[in-house]
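Here is what each chain is made of, one letter per residue.
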Amino acid sequence: MSATADPAEDRSNPVNRLGFQPGQVVQELGYDDDVDQDVREAVEDLTGSELVDEDYDDVADAVLMWFREDSEDGDLTDALVDAQEYLVEGGLVWLLTPKTGRTGHVEASDIADAAQTAGLSQTSTVAVSKDWQAVRLATPKAAKAGKR
C-alpha cells in the first residue's frame, strides 16, 4: 500500500479541496445530529487526528463550523467571532451550511455580511456532500497569504 494518495481519489473526495494537512488541529463547532459524518471522518483522515470540540482551550490550525439558519446556533456573526478565539494566526474557518433548499440553509449574502463584520474574508465555496457546502473564511493574514 502506498503512502501517497491516489490522484483520482483526491479529485473524487471534495473534502480534499479544503486543504487540511497531516498534523493539523481542527476545532469543530456546531456539531449536531444532522452533520455529515463522512465529512468529519474525511477531515480526521486527512489530519491524522480526531476533531477537537468547543471545550478545547489551546490553539487550533483551523475551525470546522457547522451552522444552520434559525436554529439554536445563534447569531452567525457572533459565532464567527467566537470561532477565532483559539485560532492560530493565519488560520482558516470553514463554515459548513446546508445547501440551498435544505432545512437551515443560510443565504450567501448573510454569510458575506457576517464574515465581513467578524473580520474575515470569504474566499471560496466547496460542495462537500449532498447536503452541505463549505465556505472558506480567512483571517486577514491568511487572506493576504492567499493573494500572492
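Just so it is clear, the structure is predicted and the values come from calculations on it, not from any experiment. (Residues numbered from 1 in each chain as written. Predicted model: local features only at pLDDT ≥ 70, side-chain atom pairs only at ≥ 80, totals over all residues. Heavy atoms only, no water.)

Student: Can you walk me through the side chain of Gln24 in this structure?
Tutor: In this structure, Gln24 sits in the loop between α1 (7-12) and β1 (26-29). Side-chain polar atoms of Gln24 contact the backbone nitrogen of Gln21, separated by 2.7 Å. (Helix = DSSP H or I, 4+ residues; strand = E, 2+ residues; numbered from the N terminus. Polar contact = N/O pair within 3.5 Å; in protein donor to acceptor, adjacent residues only side chain to side chain.)

Student: For this particular structure, what's the right way to read the sheet that holds strand β4 (residues 121-127)?
Tutor: Adjacent strands of a sheet form backbone hydrogen bonds with each other and so pair up, either parallel or antiparallel. Taken in spatial order, the 5 strands of this open sheet run β1-β2-β3-β5-β4, and their pairing is mixed. The open sheet has two edge strands with one neighbour each: β1 and β4. Strand after strand, the sheet turns through a mean of 20° between neighbouring axes, direction not considered. Looking at chain direction, strand β2 (residues 60-66) and strand β3 (residues 87-98) are connected through 6 bridges and run parallel. Pairing of Leu64 across the sheet is with Trp94, part of β3. (Pairing = 2+ DSSP bridges. Axes fitted to C-alpha atoms, helices over the stretch in contact; angles between N-to-C directions.)

Student: Honestly, the pattern of salt bridges in this entry has me stumped. Any pointers?
Tutor: Working definition: two side chains of opposite charge can pair if their charged atoms are close together. Going through the model one piece at a time under the given rule, you end up with 4 salt bridges. For the salt bridge of Asp34 with Arg68, the shortest nitrogen-to-oxygen distance reads 2.8 Å. Separated by 34 residues along the polypeptide, Asp34 in the loop between β1 and α2 (37-47) and Arg68 in the loop between β2 and α3 (76-83) bring together distant segments of the chain. Residue Asp34 is classed as partly exposed on the basis of its relative accessible area, which comes to 38%. For Arg68, a relative accessible area of 7% gives the class buried. Here Asp131 makes a salt bridge to Lys130, at a shortest N to O gap of 3.7 Å. (Salt bridge = Lys/Arg side-chain N within 4 Å of Asp/Glu carboxyl O. Buried < 20%, exposed > 50% of the residue type's maximum accessible area, 1.4 Å probe, protein only.)

Student: What exactly am I supposed to notice about the packing of α3 against helix α4 (residues 108-117) here?
Tutor: Helix-helix packing: each pair is described by the crossing angle between the helix axes and the interaxial distance. At a minimum axis distance of 8 Å, the contact between α3 and α4 shows a crossing angle of 45°. Comparing their axes, α4 and α3 come out oblique. Handedness of the α3/α4 crossing: right-handed. Counting all contacts with α3, which are made through Leu76, Thr77 and Leu80, the residues of α4 involved are Asp110, Ile111, Ala114, Ala115 and Thr117. (Parallel < 35°, antiparallel > 145°, perpendicular 65-115°, else oblique. Left-handed = near helix turned anticlockwise from the far one by under 90°. Contact = heavy atoms within 4.5 Å.)

Student: In this structure, what is going on with the packing of aromatic side chains? I would like to understand it.
Tutor: For any pair of aromatic rings, geometry is given as the distance between the ring centres together with the angle between the planes. A complete count under the given rule lists 1 aromatic pair for this structure. Ring centres 4.8 Å apart and planes at 85° place the aromatic pair Trp66 and Trp132 in the edge-to-face group. Remark: Trp132 occurs in strand β5 (residues 132-138) and Trp66 occurs in strand β2; sequence separation between them is 66 residues. A single burial state applies to Trp66 and to Trp132, both of which are buried. (Phe/Tyr/Trp six-rings, centres within 6.5 Å; stacked < 30°, edge-to-face > 60°.)

Student: When you look at the pairing of β1 in this model, what are you seeing that I'm missing?
Tutor: Residues Val26 and Glu28 of β1 are buried on one face, and the alternating residues Gln27 and Leu29, pointing to the opposite face, are buried as well. Of the pairings in the sheet, the one linking β1 to β2 comprises 4 bridges and is parallel in character. Counterpart to Gln27 in the pairing with β2 is Val63. Regarding the hand of the β-α-β motif, the stretch spanning β1, α2 and β2 is left-handed. (Right-handed = clockwise from strand over helix to strand, strands pointing away.)

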